[in-house]
Amino acid sequence: MKLSLIAAKICSAVPEGKGDVEIKSISSPKLAEVDDITFLSDPKYKEQIDCSGAGAVIVKKGVVFPGKICLEVDDPYLGYALTAQLFEDASPLFGDGIHKSAFVDPSAKIDASVSIGPGTVIGADVHIGANTRIDANCVIERSTRIGESVRIDSGAVIRYGTIIGSDVLIQSGAVIGSDGFGNAKSGAQFVRIPCFGIVIIEDGAEIGACVTIDRGNFEPTVIGKGVKLDNLIHLAHNVEIGANTAIAAQTGISGSTRVGERVIIAGQVGFVGHIEIGDDSFVGAKSGVSKDVKPKAKITGYPARDFMTMRRIEACMSELPDLLKEVKRLKTELESLKNAANATSV
Amino acid sequence: MKLSLIAAKICSAVPEGKGDVEIKSISSPKLAEVDDITFLSDPKYKEQIDCSGAGAVIVKKGVVFPGKICLEVDDPYLGYALTAQLFEDASPLFGDGIHKSAFVDPSAKIDASVSIGPGTVIGADVHIGANTRIDANCVIERSTRIGESVRIDSGAVIRYGTIIGSDVLIQSGAVIGSDGFGNAKSGAQFVRIPCFGIVIIEDGAEIGACVTIDRGNFEPTVIGKGVKLDNLIHLAHNVEIGANTAIAAQTGISGSTRVGERVIIAGQVGFVGHIEIGDDSFVGAKSGVSKDVKPKAKITGYPARDFMTMRRIEACMSELPDLLKEVKRLKTELESLKNAANATSV
Amino acid sequence: MKLSLIAAKICSAVPEGKGDVEIKSISSPKLAEVDDITFLSDPKYKEQIDCSGAGAVIVKKGVVFPGKICLEVDDPYLGYALTAQLFEDASPLFGDGIHKSAFVDPSAKIDASVSIGPGTVIGADVHIGANTRIDANCVIERSTRIGESVRIDSGAVIRYGTIIGSDVLIQSGAVIGSDGFGNAKSGAQFVRIPCFGIVIIEDGAEIGACVTIDRGNFEPTVIGKGVKLDNLIHLAHNVEIGANTAIAAQTGISGSTRVGERVIIAGQVGFVGHIEIGDDSFVGAKSGVSKDVKPKAKITGYPARDFMTMRRIEACMSELPDLLKEVKRLKTELESLKNAANATSV
């Protein structure tokens, strides 16, 4: 790939006479070779790049590596991401078109550019937009709508009625549209409550491997634009995730909780149902969140508290055994002081 | 659907002359329209129903909505669940019968009323009872027994020898009968212990998406009647879950632990192995349970403690930084008081 | 199976004249019958064995059960594991060879002894070694390498380029080689970072059901020799797990963290990225680990601390409500003592 193409993608100037240099691939600061491009997103990797054979480097404006071509940008990490996308092989893993071992219901409307892998099942009344790629042994149940340039990896299950926008990525083993966990009681027995709702996944959202997203009831479960979900996350019925929110692995969100936009949620967090998590908030790993969270709040712990408060509490916990001894000592001293005072006063 | 049919299902009287009113669907208090039925399970939704166009409402005995047909019951939430079941479309997603792209071993015994979706694999010596529905790309391994009116959603894997009762629901991505995590040691190396046991899922139990249930060893892993499991739960080998117990998402239970009947377990809880969780107990979210739990106990936290005790401890934790300062101050004061006393006594 | 065969496998002497005794199966101390062999790995099961009809028992050297054949070994639990392996039926669940409903790309190189179950999909340029068994509805994506005597259970997904050694076991629903969770930011929007790396699973490793292992970036994610992973574990991109380490269910490890050899990690633990977990360390259940862990360290809690320290802190937490009251009382007493002292001094 010509350097000029990369420069155009990342909005960098091309050093004079270097536009036609051929770059074979992108690599890490440590491993890059002469026909590779790499990136300096953290000064600590400077020495690795100095020592590596990297021919080209994406750098922050003003940074220089003598003898290497430098593409200067405002944010080299973003430059790296965009360049990596250029080098990504996004071609279907099992070839173009509909594989002969796939089953596609005759009523499905599938753009001619779609690829569908072996063993994949497409139900009745499914619509799939241009350039979408569905790999092997997936199931797309009836009446699902899938936009353009969507990637659905092998083994994902999209249950009936799901609406998926464009540029969405759904990884292997994910289950979209499972039943919600709703039960009434009749004496000691639970009575299942069927869910009359769907899941909506908006443009640009990404769903990790073995994520489960329950369908809504009456109203939909909604994954907003550009949301990023890591692996093994559980989202219950009627959860709403606002645009550009990111959630790390193994987090679970109970029914009807609404997470705002641009929220960052770390791994293994749990949320009770029916609460609101404000825009631009941050929730630390393993937190248990049982109340509304204000916009821009930074919370952690279980029960979740303000981040700095929680850090102080955690620090104090280490002193707890000493504190108990100290209080016991104070008590004894106070006692003897009282006795002495009594003796004096007598 | 005629109102009289709904009334019969939920054991409500039919207001005079209204039995033949046609109800199109069930809807939420907020969204219900004139030919919908809705329900008032919590007084806070009263206003929504007043404002909605709902033609009929399931209410607690004595509650009245002027201009709307009211079906009076003891428990409107139960009435709602039962009515929702009436409106549920339980027909197979991929048509009746055995799909031509399914593989069914010739030795399997399958009732004529069973539906098996595309790409589903049925192993040797599998028996499947009447009205059971298995959707697409499932695997039912050899010698599995499945009762009547079972629903197995697309992509579920039922491993060999599993015994499933009637009216069971197993959601997509669930794995039933995986190997237990048992290892002996030979020097530094682990030596795998094969499991000679099965999983039994009793009548009316429901298993969420991507739940994993390990097969037992010598004796079975048992999911009791009417048990409800949310998504992404892990049950290890030889776990037993008593009847009518409900477990929320992402909880894990280690080997040979026995959970009683009518237990409620919240999300992301962990249990060590070989303990007993008493009937009618309650375990709060994110708890870590390492000891037996008494019947009717209500515990939470890690290590899990009595619910009220834990709430008190949590409240105290917030005061910990102030407490440390206070004790330091007391110490200083006590010191100066001692010095003063000494000075006086001299 | 002849007793002599079992004795040979577990390196035990055969009691005189008993080598030809036929053993039908291995069973538990409680259930063993006359033609079964069982084991005494814990003295508490001695009575069960006395009462059982077990014909033969694997025991620690010197232990005697009158009337039963005793095979003496150094470690009866290891003896049990090895004997159980002898009795395990490891034959393919769906017959030998490549099932007619499987799809195998013509460019795949598959040993004649391999079994591939119904509905399984094998991509281009996949190599599979002798005696490997892949059950139903699996996906093995292109350019994957699989060694000898590997077992891949129904419904597992092995994504492109994965390298799997020999004697590896991958359970149902596992996803190997999912994309890493890496994102740059462009304003409020995330920009996905494609991963240019693979997953390597070394000889003898075992991967539980619904485990997700992300592919590395530039360098591989590595699961070392003999590693044992329980169910529903998440390993992020570029994680490395050292040989003979065992990890219990629902644990998650963030990107680039390196876990040493012979480490024991309990369930529901979370690790931040880019840290080192030393050889032979132990991490307690539900811990949150955010710093390097020294070799042989034993830690637990969140934030994780030395095991004994954490136990002391936990014990102190129970006393916290009383401590607060005590300090308040001390304060009052001190106050009155000061007042008394002031009064005296006046």
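Residues numbered from 1 in each chain as written. Chains lettered and ligands numbered in written order. Predicted model: local features only at pLDDT ≥ 70, side-chain atom pairs only at ≥ 80, totals over all residues. Heavy atoms only, no water.

1. Things to note about the sheet that holds strand β11 (residues 139-140) of chain C
Residue and element names in this part refer to chain C.
Step number 1: Overall, parallel pairing links the ten strands, which are arranged β5-β8-β11-β14-β17-β22-β25-β28-β31-β34 in an open sheet. Since the sheet does not close on itself, it has two edges, and those belong to β5 (103-104) and β34 (288-289), each with one partner.
Step number 2: One ladder, built from two bridges, connects strand β14 (residues 157-158) with strand β17 (residues 175-178); its direction is parallel. Bridge assignment links Val157 to a residue of β17, and that residue is Val175. (Pairing = 2+ DSSP bridges. Helix = DSSP H or I, 4+ residues; strand = E, 2+ residues; numbered from the N terminus.)

2. A word on the relation of the copies chain B and chain C
Step number 1: Overlaying chain B with chain C gives an RMSD of 0.1 Å, the required rotation being 120° about an axis along which the chain moves by 0.0 Å. Interpreted geometrically, this transformation is the action of a three-fold axis. (Least-squares fit on C-alpha atoms with pLDDT ≥ 70 in both.)

3. Things to note about empty space enclosed by the protein
Step number 1: This structure, assessed with the given rule, holds six cavities of 30 Å³ or more.
Step number 2: Its volume calculated, the largest cavity comes out at about 660 Å³.
Step number 3: Lining the largest cavity are 28 residues, with Lys286 of chain A, Lys286 and Tyr302 of chain B together with Lys286 and Tyr302 of chain C positioned closest to its centre.
Step number 4: The set of elements that each furnish at least two residues to the lining of the largest cavity consists of α4 (307-318) of chain A, α4 (307-318) of chain B together with α4 (307-345) of chain C.
Step number 5: Of the residues in the lining of the largest cavity, the class split is 13 nonpolar, nine polar and six charged.
Step number 6: Put simply, the second largest cavity is a space of about 260 Å³. (1 Å grid on protein atoms, 1.4 Å probe; cavity = no way out; pocket = protein on both sides within 12 Å on 5 of 7 lines; lining within 4 Å. Points joined across faces, edges and corners; volume = space filled by probe spheres on them. Nonpolar A, V, L, I, M, F, W, Y, C, P; charged D, E, K, R; others polar.)

4. Describing the sheet that holds strand β35 (residues 298-300) of chain B
Residues and elements named next belong to chain B.
Step number 1: A sheet is described by the order of its strands in space; here eleven strands give the open sequence β7-β10-β13-β16-β21-β24-β27-β30-β33-β35-β36, paired in mixed fashion. Sheet topology places β7 (115-116) and β36 (305-306) at the edges, where each strand pairs with a single neighbour.
Step number 2: One ladder, built from two bridges, connects β7 with strand β10 (residues 133-134); its direction is parallel. If you follow Ser115 over to β10, its bridge partner there is Arg133.

5. Looking at the state of the cysteines
Step number 1: Under the criterion given, the structure shown has zero disulfides over all chains.
Step number 2: No disulfide involves Cys138 of chain C; its sulfur sits 12 Å from the nearest other cysteine sulfur, which is in Cys210 of chain C.
Step number 3: Classification of Cys138 of chain C as buried rests on a relative accessible area of 0%.
Step number 4: Of all cysteine sulfurs in the structure, the one in Cys210 of chain A sits closest to Cys195 of chain C, which takes part in no disulfide; the separation is 17 Å. (Disulfide = S-S within 2.5 Å. Buried < 20%, exposed > 50% of the residue type's maximum accessible area, 1.4 Å probe, protein only.)

6. Description of the nonpolar core
Step number 1: Formed by 48 residues in total, the largest nonpolar core has its most connected members in Ile152, Ile170, Ile201 and Ile207 of chain C.
Step number 2: When sequence neighbours within four positions are dropped, the list of residues in contact with Ile201 of chain C reads Ile163, Ile164, Gly165, Val168, Ile170, Ile176, Ile207 and Ile223 of chain C. (Core = buried A, V, L, I, M, F, W, Y, C linked by side-chain atoms within 4.5 Å. Contact = heavy atoms within 4.5 Å.)

7. Digging into the interface of chain C and chain A
Step number 1: With 64 residues of chain C at the interface, the matching set in chain A holds 74 residues.
Step number 2: Here chain C packs against chain A, burying approximately 5,400 Å² in sum over the two surfaces, 66% of which is carbon and sulfur.
Step number 3: Counting the contacts that link chain C with chain A gives nine salt bridges.
Step number 4: We note a salt bridge from Lys30 of chain A to Glu219 of chain C, for which the minimum N-O separation is 3.4 Å.
Step number 5: Here chain C and chain A share 28 residue pairs in polar contact (both at pLDDT 80 or more) between them.
Step number 6: Looking at the side of chain C that touches chain A, the elements with two or more residues in it are β17, β18 (183-186), β19 (189-192), β22 (212-214) and α4 of chain C.
Step number 7: When residues of the side of chain C that touches chain A are assigned to their parent elements, the largest contribution, 14 residues, is made by α4 of chain C.
Step number 8: Across the side of chain C that touches chain A, the residue classes tally to 31 nonpolar, 18 polar and 15 charged. (Buried area = accessible area lost by both parts, 1.4 Å probe. Salt bridge = Lys/Arg side-chain N within 4 Å of Asp/Glu carboxyl O. Polar contact = N/O pair within 3.5 Å; in protein donor to acceptor, adjacent residues only side chain to side chain.)

8. Some remarks on the interface of chain B and chain C
Step number 1: Taken together, the contact pairs 64 residues of chain B with 74 residues of chain C.
Step number 2: Buried area between chain B and chain C, summed over both chains or domains, comes out near 5,400 Å², and the portion from carbon and sulfur atoms is 66%.
Step number 3: Here chain B and chain C share eight salt bridges between them.
Step number 4: Ionic pairing is found between Glu326 of chain B and Lys331 of chain C, a salt bridge with its closest N-O pair at 3.7 Å.
Step number 5: Scanning the region where chain B abuts chain C turns up 28 residue pairs in polar contact (both at pLDDT 80 or more).
Step number 6: Counting residues per element, the ones that place at least two in the side of chain B that touches chain C are β17 (175-178), β18 (183-186), β19 (189-192), β22 (212-214), α4 and α5 (320-345) of chain B.
Step number 7: Here the element with the most residues in the side of chain B that touches chain C is α5 of chain B; it accounts for nine residues.

9. Digging into helix α1 (residues 3-10) of chain A
Residue and element names in this part refer to chain A.
Step number 1: Regarding α1, the residues found buried are Leu3, Ile6, Ala7 and Ile10. End-on view of α1: buried residues confined to an arc of 100°, all on one side of the axis.
Step number 2: Where α1 is buried, its residues touch β2 (36-39), β3 (56-60), β4 (69-73) and α3 (76-87).
Step number 3: Looking one or two places after α1, you find Cys11, whose phi comes out positive at around 60°. (Arc of directions from axis to C-beta.)

10. Re the environment of Glu314 of chain A
Step number 1: Relative to the elements of secondary structure, Glu314 of chain A occurs in helix α4.
Step number 2: Each C-alpha atom of the pair Glu314 of chain A and Gly301 of chain A lies 9.4 Å from the other, and the pair is 13 residues apart in sequence.
Step number 3: When neighbours within four sequence positions are excluded, Glu314 of chain A is seen to be in contact with Pro303 and Arg305 of chain C.
Step number 4: One polar contact links Glu314 of chain A to Arg311 of chain A, side chain to side chain, over a distance of 2.8 Å.

11. Remarks on the pairing of strand β4 (residues 69-73) of chain C
Residue and element names in this part refer to chain C.
Step number 1: Among the five residues in β4, four count as buried, and that is most of the element.
Step number 2: The sheet contact formed by strand β3 (residues 56-60) and β4 spans five bridges and is parallel. Note on β4: the bridge partner recorded for Val57 is Cys70.

12. Here we look at the pattern of salt bridges
Step number 1: The full count for this structure, using the stated rule, is 79 salt bridges over all chains.
Step number 2: The residue Asp280 of chain B makes a salt bridge to Arg262 of chain B at a minimum N-O spacing of 2.8 Å. In this pair, Asp280 of chain B is assigned in the loop between β32 (276-277) and β33 (282-283) and Arg262 of chain B in the loop between β29 (258-259) and β30 (264-265), connecting sequence segments 18 residues apart.
Step number 3: A relative accessible area of 31% places Asp280 of chain B in the partly exposed class.
Step number 4: Ionic contacts of the salt-bridge type, sharing partners, join the residues Glu88, Arg133, Asp135, Arg151, Asp153, Glu206 and Lys228 of chain A together with Glu141, Arg159, Asp179 and Arg192 of chain C into one network.

13. Describing the packing of aromatic side chains
Step number 1: Per the stated rule, a full pass over the model turns up 15 aromatic pairs over all chains.
Step number 2: Between Phe282 of chain A and Phe307 of chain A the ring centres are 5.9 Å apart and the planes differ by 70°, which places this aromatic pair in the edge-to-face class. Highlighted residues: Phe282 of chain A in strand β33 (residues 282-283) and Phe307 of chain A in helix α4, separated in sequence by 25 residues.
Step number 3: An angle of 5° between the planes, with centres 3.8 Å apart, marks the rings of Phe39 of chain C and Tyr80 of chain C as stacked. (Phe/Tyr/Trp six-rings, centres within 6.5 Å; stacked < 30°, edge-to-face > 60°.)

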